[in-house]
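Residue strings, one per chain:
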Amino acid sequence: MLSKLFKHEFKYYIRIYSAVYIIIAVTAVLTKFLPTLVEGVSEESETLFHVVIIFFISLLIGGITFILFGASVISYFVGIKRFNKSMFSSEGYLTNTLPVTSASLISVKLTTTVVFYIITRIVCSFVWQIVLLDEFDFSTLLLEFGSSSYDSSMAEIITDFLSGILTYSAFILMSYMCLAMQSSFRMSKFVSILCAIGLLFANVIALAIILGIVSGVTDTDILRDDFALTENIVSIVYYTVICTGLFFITNLLVSKKLNLE
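These numbers come from a predicted model, not from an experiment.

(A) Structural detail: the pattern of salt bridges. The full count for this structure, using the stated rule, is two salt bridges. Between Arg-82 and Glu-9 there is a salt bridge, with the nearest N and O atoms lying 3.1 Å from each other. With a gap of 73 residues between them, Arg-82 in helix α3 (residues 71-88) and Glu-9 in helix α1 (residues 2-33) connect regions that are remote in the sequence. Assessed through its relative accessible area of 3%, Arg-82 is described here as buried. A salt bridge links Lys-109 to Glu-9; its shortest N-O distance comes to 2.9 Å. Taken together, the positions of Lys-109 in helix α5 (residues 102-132) and Glu-9 in helix α1 put the pair 100 residues apart, joining distant regions of the chain. Exposure class is identical for Lys-109 and Glu-9. Each is buried. Among the charged side chains, a network of salt bridges with common partners joins Glu-9, Arg-82 and Lys-109.

(B) Quick look at the environment of Thr-167. Inspection of the secondary structure puts Thr-167 in helix α7 (residues 154-184). Between the C-alpha atoms of Thr-167 and Ile-236, which are 69 residues apart in sequence, the distance is 8.2 Å.

(C) Seen up close, the packing of aromatic side chains. Overall, the coordinates contain 11 aromatic pairs when judged by the stated rule. With a centroid separation of 3.7 Å and 10° between ring planes, the pair formed by Tyr-117 and Tyr-168 is classed as stacked. In this pair, Tyr-117 is assigned in helix α5 and Tyr-168 in helix α7, connecting sequence segments 51 residues apart. Just as Tyr-117 is buried, Tyr-168 falls in that class too. Taking 5.0 Å as the distance between ring centres and 80° as the angle between the ring planes, the aromatic pair formed by Tyr-238 and Tyr-239 counts as edge-to-face. Neither residue differs from the other here; Tyr-238 and Tyr-239 are each classed as buried. The ring of Tyr-12 carries the charged tip of Arg-82 above its face, separated from the ring centre by 4.2 Å.

The rules we used
- Residues numbered from 1 in each chain as written.
- Predicted model: local features only at pLDDT ≥ 70, side-chain atom pairs only at ≥ 80, totals over all residues.
- Heavy atoms only, no water.
- Salt bridge = Lys/Arg side-chain N within 4 Å of Asp/Glu carboxyl O.
- Helix = DSSP H or I, 4+ residues; strand = E, 2+ residues; numbered from the N terminus.
- Buried < 20%, exposed > 50% of the residue type's maximum accessible area, 1.4 Å probe, protein only.
- Phe/Tyr/Trp six-rings, centres within 6.5 Å; stacked < 30°, edge-to-face > 60°.
- Lys NZ or Arg CZ within 6 Å of the ring centre and 35° of its normal.

From the geometry alone we can't say anything about function, so treat these as descriptive.
Next up, the structure:
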């Protein structure tokens, strides 16, 4: 049954993201090859056609930059909308009759959301490097998921990657939990959004406090480069605990709602 659930979720995401990837691909191709139409054209020989092409190229570059940098936001809202629709709308009645536990349902939806988030970031990184930078470096794909730089060690890059994925997963689970609370306690959508924003800021502040404590214990400046690996490891441990707690609470709320229904 789990395999069928994964297949169903992947079909949904492929249908949604294929359109996004097609838009990215078409925009990338146009951004890459349209400039060849105006290469070598001097100001004296410019025609209205060339002016329009240059203006269109500017719009394309702005558009593809917005799409590439907004990929994480797009992935987040697609995942949240999918969870809400398939669990708490009319479609949820069918989902809730499946012979699987609520934990399995949440796991499948979280996994597919994170997988397509990773794929989307990789696609965007590839397009950004090839189209706008005219080069490609495979190692920079991992840098897309954190704050590591090119001169970081491989351990820092990998832990930063894991930290970025866990951070994203925590934000997704926060939203899952708030949606489950909204459905279980008949909360308004506005209160649910405020709850999610509050949890987000609380986690950022809590992690900053923990990093400050670790910095004091290890007698290391939090801004120094050699603290980066420690920071990543602390973030991984912190968000692993947070994800576990959020998953447990969300599962409790969803299973309780299923039992009541």
